[in-house]
Amino acid sequence: MREITFREALREALREEMHRDPLVFLMGEEVAEYNGAYKVSEGLLKEFGPERVIDTPISELGFAGIGVGAAMAGLRPVIEFMTFNFSLVAIDQVINSAAKIMSMSGGQFNIPIVFRGPSGSAGQLGAQHSQCFESWYANCPGLKVVSPSTPADGKGLLKAAIRDNDPVIVMESELMYSNKGPVPDPSEGDFIIPIGKADIKRHGKDVSLITFGKMVHVCLAAAKQLEDMGIDAEVLDLRSLRPLDNDAILATAKKTNRVVIVEESWPLASISSEVGFLIQNQAFDYLDAPIMRVMGGDVPLPYAPTLIDAYLPNPTRVIDAVKKVMYIK
């Protein structure tokens, strides 16, 4: 086990899978000559050559479609979007092609493709470059969606995604690429995290904070402050958004009897909406208080830093929600 950054963990996953399987290749804007917009693919062009690390024009619809065709032909493409905001240009290929071809072909074609890149706010990038589309893609049958919060989860989930025979969306965060954390050394064996398994990042008994992505770190910061107030919060990292780990969600709700769901996205039809419905539908009698949500603002993300602070979930907002479910003034 050693400490490496989130970007290094993703790079390690790509390198290991490209060595393991010659059918795996990486394609996207600036992934080769520039070493990746966020330096995730640094050194891979030199190591694997231009046939397997491919720079593309600024044409997301085009290279996403090439990726789907390559997957139909038996290759295993990893398509990098410089940001998932740009995936909207390619969403027809993701939703109408990648997600549906296996079903529409009667199982004749698997689509083993990964679409990966950063999601959500990364500072003052404006409303068009700061959006969260996890719930959009998770809403579509035929896709799997994961959102890692640590370097170890990033490596393990990306490796699992590349090996999966279905399309997998890997949603990262620009703000986490330089985060460091413990990741098993390759000499310790193959490190895979199964898609569909949540992870308890902090055990607790008084209230459950259910979240994913970089909001995990917001919840951990809130849990630390809550501990000083005598409140023991459990933090459940969903990690996988489709499929959800229903068993883990229900288990933490039944354990603590109080739930706060934290998500960066807009509130309507969000991942938190689905999680909240699951709990009230299958664990209602265990709840000692109504479920609370802490969400991003229901507006396009502003540019001004003061308005960004008001928009995004933060530890103070999480603590206020916890006090409400615990009936503390």
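The structure this text deals with has already been given above.
Here the structure is a predicted model, which means the values were calculated and not measured.

1. Thoughts on the sheet that holds strand 5 (residues 114–118)
No. 1: With mixed pairing, 7 strands are arranged side by side in an open sheet as 3-2-4-5-7-6-12. One side of each edge strand has no neighbouring strand; the edge strands of this open sheet are strand 3 (53–55) and strand 12 (240–242). Pairs of neighbouring strands in the sheet enclose a mean axial angle of 20°, with direction left out of account.
No. 2: Relative to strand 7 (residues 168–172), strand 5 is paired through 5 bridges, and the arrangement is parallel. The partner of valine 114 across the bridge, within strand 7, is valine 168.
No. 3: Contacting strand 2 (24–28), strand 3, strand 4 (76–80), strand 5 and strand 7, helix 1 (residues 6–20) crosses the sheet at an angle of about 135° to strand 2.

2. Quick word on helix 7 (residues 151–163)
No. 1: Along its 13 residues, helix 7 runs 19 Å from first to last C-alpha, staying within 8% of the 18 Å computed at 1.5 Å per residue.
No. 2: Burial analysis of helix 7 places 12 of its 13 residues in the buried class, which makes it a mostly covered element.
No. 3: Restricting attention to buried positions, one finds in helix 7 the residues Pro151, Ala152, Asp153, Gly154, Lys155, Gly156, Leu157, Leu158, Lys159, Ala160, Ala161 and Ile162.

About the cut-offs
- Each residue is numbered by its place in its chain's sequence as written, counting from 1.
- For this predicted model, a pLDDT threshold of at least 70 governs which residues receive local features, and a threshold of 80 or more governs which side-chain atom pairs are given and counted, while totals over whole chains, interfaces and linings are taken from all residues.
- Side-chain descriptors were evaluated using all non-hydrogen atoms of the structure, hydrogens and water having been removed beforehand.
- DSSP calls a pair of strands paired once it identifies at least 2 bridges connecting them.
- Secondary structure counts use DSSP, requiring at least four H or I residues in a row for a helix and at least two E residues in a row for a strand, with both numbered from the N terminus.
- Orientation is described by axes fitted as lines to C-alpha atoms, over the contacting stretch for helices, and by angles from 0 to 180 degrees between their N-to-C directions.
- Throughout, a contact is declared for two residues whenever any of their heavy atoms are within 4.5 Å.
- Any helix carries an expected span of 1.5 Å times its number of residues minus one.
- We call a residue buried when its accessible area falls under 20% of the maximum for its residue type, exposed when it is over 50%, and partly exposed in between, using a 1.4 Å probe and counting protein chains only.

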